[in-house]
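Chain and residue survey
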Amino acid sequence: KPGSSRGQKNLSLKQCESVYRQLLESIQELSAESEASGQTSEYSSISPASSCNVASLKFVDSDDRAFTGVNEALNSYAAKNHGPTFLLLNSSKPLQQLRRAIP
């Protein structure tokens, strides 16, 4: 399968980090624009000093393996007590299903 553990891996760690960095910058710009116009933004809690760091990138064959990987990464991150964290997830699954699968 394309994108699976045995298939073509067509997205590098550097490309992934660049895409998410651009998304974070867009969110920060929208938040700043909202605040400048006196409106409240749903993203106002994201600090302008926030940065994006992609620590790992894995290709897996199933949703279960993906959720297990996400859970392991989140648990490891939480154990290091980094403080407030913004999780960005790209998934085709409905939000209710993701809430049950990821703590």
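Residues numbered from 1 in each chain as written. Predicted model: local features only at pLDDT ≥ 70, side-chain atom pairs only at ≥ 80, totals over all residues. Heavy atoms only, no water.

1. Re the pattern of salt bridges
A side chain of one charge can pair with a side chain of the opposite charge if their charged atoms are brought near each other. Our working definition: A carboxyl oxygen of Asp or Glu within 4 Å of a side-chain nitrogen of Lys or Arg is what we treat as a salt bridge. Put simply, DSSP marks the helices as runs of H or I at least four residues long and the strands as runs of E at least two long, and each gets a number from the N terminus on. Only protein chains enter the calculation, and the probe is 1.4 Å; a residue is then buried if its accessible area is under 20% of its type maximum, exposed if over 50%, and partly exposed in between.
Across all of its chains, the model carries 2 salt bridges by this definition. One salt bridge connects arginine 21 with glutamate 17, and the closest N-O pair in it is separated by 3.1 Å. Placement of the pair is arginine 21 and glutamate 17 together in helix α1 (residues 13-36), with a separation of 4 residues, close to one helical turn. Judged by relative accessible area, arginine 21 falls into the partly exposed class, the value being 35%.

2. A look at helix α2 (residues 63-79)
Under the convention used in this document: To estimate how far a helix should extend, the number of its residues minus one is multiplied by 1.5 Å.
If you check α2, its first and last C-alpha atoms are 24 Å apart, about what 17 residues at 1.5 Å a residue would give, namely 24 Å. Downstream of α2 by one or two residues, asparagine 81 has phi in the positive range, about 50 degrees.

3. Observations concerning the side chain of serine 34
This is how it is decided: Any two residues whose heavy atoms approach within 4.5 Å are treated as being in contact.
Turning to its location among the elements, serine 34 is positioned in helix α1. Setting aside chain neighbours within four positions, we find serine 34 in contact with Gln39 and Ser41.

4. Section: α1
Residue pairs spaced three or four apart in an α-helix point in one direction, given the helix's 3.6 residues per turn. Here α1 is 24 residues long and its end C-alpha atoms lie 34 Å apart, about the 34 Å a rise of 1.5 Å per residue gives. Taken as a whole, α1 has its buried residues at Cys16, Leu24, Ile27, Gln28, Ser31 and Ser34. Looking one or two residues past α1, glycine 38 carries a phi angle of roughly 80 degrees, positive in sign.

5. Quick notes on a nonpolar patch on the surface
This is how the line gets drawn: Patches here are clusters of residues that have more than 30% relative accessible area and form no salt bridge, with a 9 Å joining cutoff for like charges and a 5 Å cutoff for nonpolar side chains (Val, Leu, Ile, Met, Phe, Trp, Tyr). Surface exposure here means Shrake-Rupley accessible area, sampled with a 1.4 Å probe, where a residue is shielded only by the protein chains that are shown.
A grouping of Leu11, Leu13 and Leu57 is seen on the molecular surface, where their side chains present a nonpolar patch of about 210 Å² in accessible area. Note that leucine 11 resides in the segment before α1. Classification of leucine 11 by relative accessible area gives partly exposed; the value is 34%.

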